[in-house]
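Residues per chain are reported as follows:
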Amino acid sequence: MTDTSAVSAESVPLAPRAWPLLGHALPLLRDPLAFITSLSGYREMVRVRLGPSSAVMICDPDLTRQVFLNDRTFDKGGPIYDRIREVIGDGLSTCAYPLHRRQRRLCQPSFHPARLAGYGAVFARAAEAKAGSWRDGDVIDVTQEMMTLTTRATMETMFSGALPEETMRRSLADTAVVVSAFFRRMMTPALLRRLPTRRKRRYDDARTRLSATIAEIIAERRADPADHADLLSTLIAAVDEESEDGRRQLNDAELADEALTFFLGGMETTAITLAWALHLLSTHPDVQRRLKAETDRVLEGGKLDPARLPSLGLASRVVTETLRLYPPAWMMTRVVREDAELGGVRFKGGSTIVLSPYLLHRRPDLYEEPDRFDPDRWLHAQPDRATYIPFGAGARKCIGDQFALNEAILALTAIVARWELHPVGDRPFLPKVETSLSSRGLRLRLTERRSADADGAEHGAAAPLSASGRPSTQPGVAACPVKHGE
């Protein structure tokens, strides 16, 4: 029953700085993060306009959670997912509600805890190989190196082997073109997106090659039906026992969509998270010193063993804090499937709602000194399900969240075990805002570790650090309840 006291979505306050005809497209393109964080003062919701269309940005954690949990009404859709569907079709992360439950059941076996243990061994080998490929004094393109690492690990976990080197390089380049185009295409009116520009041709060519590579791999696997103990074998063998229409398994087109979904997700978002974590460690030497001490203590000079993941507490907190500061999916959109009410506001069917993990993660009333990198805010608190949402929540929460976390923690440990990280220059490095918070262009200098830091043993929390790396006098625990994630 609809609350008669609810107001229409058109009465929600309009954010400032809207231009005639363009709406908020210019501030979103010029400095989207500054624009998004400026909206946190509205507390509950605010309207934004893109051209003649408007959407409502949800700024409140409880209302955000209601949207996540009611995915039947607030469905995956809107300009972000429309652009992503151009590449990965109706994969698990983009499909509409009517398709989602079946696809989730078919994909779930690929992320069973028993499978994750095997994936962990792949992550560890790939991370140690990458860390062993550098030389003392190297200045590395961090994002490119992390993309290479996660691509190799993703290809092996998905397809039980790496692509040929030439195909790997091409796939990396094509992925960079496709991913960097998502955000600009989202902000560009449909008529302009169709213009045959050089940028559009590059995008179309890259998208076609990526799809062709995945289709070729699937065709080869269909011709060799043996269980290769990888993610693709699990997807091919998965059976939906609850199917009501006879579609008990994924067909080739569905397999291609899911494979592209996991390929892009497993490669790009984890690489960006790792790049940001390494950047933060390079600018916070005290945390880096403590992490080196933890690594020395846990590895004891031996190989990286995924079984030791529970002992890598600080590494885990570094990844958790990195995802708070730089959530790869910094903005999400939902489409209201039918007339609905949320927070005393009536939404018509077809309305667009915008959610932003970045906005919630940086709200000063939810996190003390929210712009400060402080892994120890998680020392005695687990992330709260309403205020910490780098992977979303509810039935549409990222199915590969633990996959990504394990990979990031193991890779971070392998790198810190061998290398000290130093910034190049003294200018702040800022995100390149695309569909993800890209770290393209980040460079760090590597110094080979000569000996363990005997004085770096972790004894509880160190002094919290400001964004500049200087000690802070403020306490470092976030002002959020202690709850476990979903």
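Residues numbered from 1 in each chain as written. Predicted model: local features only at pLDDT ≥ 70, side-chain atom pairs only at ≥ 80, totals over all residues. Heavy atoms only, no water.

Under the annotation held in an unreviewed UniProt entry, the protein carries the name Cytochrome P450 and is attributed to Streptomyces gottesmaniae.

As for the pairing of strand E9 (residues 352–355)
Pairing of strand E3 (residues 53–58) with E9, which is carried by two bridges, proceeds in the parallel orientation. Bridge pairing links Val 56 to Ile 353 in E9. Taken together, the four bridges between strand E6 (residues 332–336) and E9 define a ladder with antiparallel strand orientation. Its bridge partner being in E9, Val 335 is matched across the sheet by Thr 352. (Pairing = 2+ DSSP bridges. Helix = DSSP H or I, 4+ residues; strand = E, 2+ residues; numbered from the N terminus.)

Re the packing of helix H12 (residues 252–283) against helix H13 (residues 285–299)
In the contact formed by H12 and H13, the axes pass within 5 Å of each other and the chain directions differ by 110 degrees. In this view, H12 runs roughly perpendicular relative to H13, as classed from their interaxial angle. Across the interface between the two elements, Leu 281, Ser 282 and Thr 283 from H12 touch Pro 285, Val 287, Gln 288 and Leu 291 from H13. Of the residues that constitute the contact of H12 with H13, the class distribution is four nonpolar, three polar and no charged. (Axes fitted to C-alpha atoms, helices over the stretch in contact; angles between N-to-C directions. Parallel < 35°, antiparallel > 145°, perpendicular 65-115°, else oblique. Contact = heavy atoms within 4.5 Å. Nonpolar A, V, L, I, M, F, W, Y, C, P; charged D, E, K, R; others polar.)

Notes on the pattern of salt bridges
Under the counting rule described, the total for this entry stands at 31 salt bridges. A salt bridge links Arg 289 to Asp 286; the shortest N-O distance between them is 2.4 Å. Of this pair, Arg 289 and Asp 286 both sit in helix H13, separated by three residues, roughly a single helical turn. Members of the salt-bridge network, linked through shared partners, are Arg 43, Arg 363 and Asp 365. (Salt bridge = Lys/Arg side-chain N within 4 Å of Asp/Glu carboxyl O.)

Some remarks on the confidence of the model for the protein
Confidence in the prediction of the protein, expressed as mean pLDDT, is 86, and 91% of residues score 70 or more. Here residues 452–486 scores under 50 on pLDDT; set against residues more than four positions off or in separate chains, the count is 91 contacts. (pLDDT = per-residue confidence, 0-100.)

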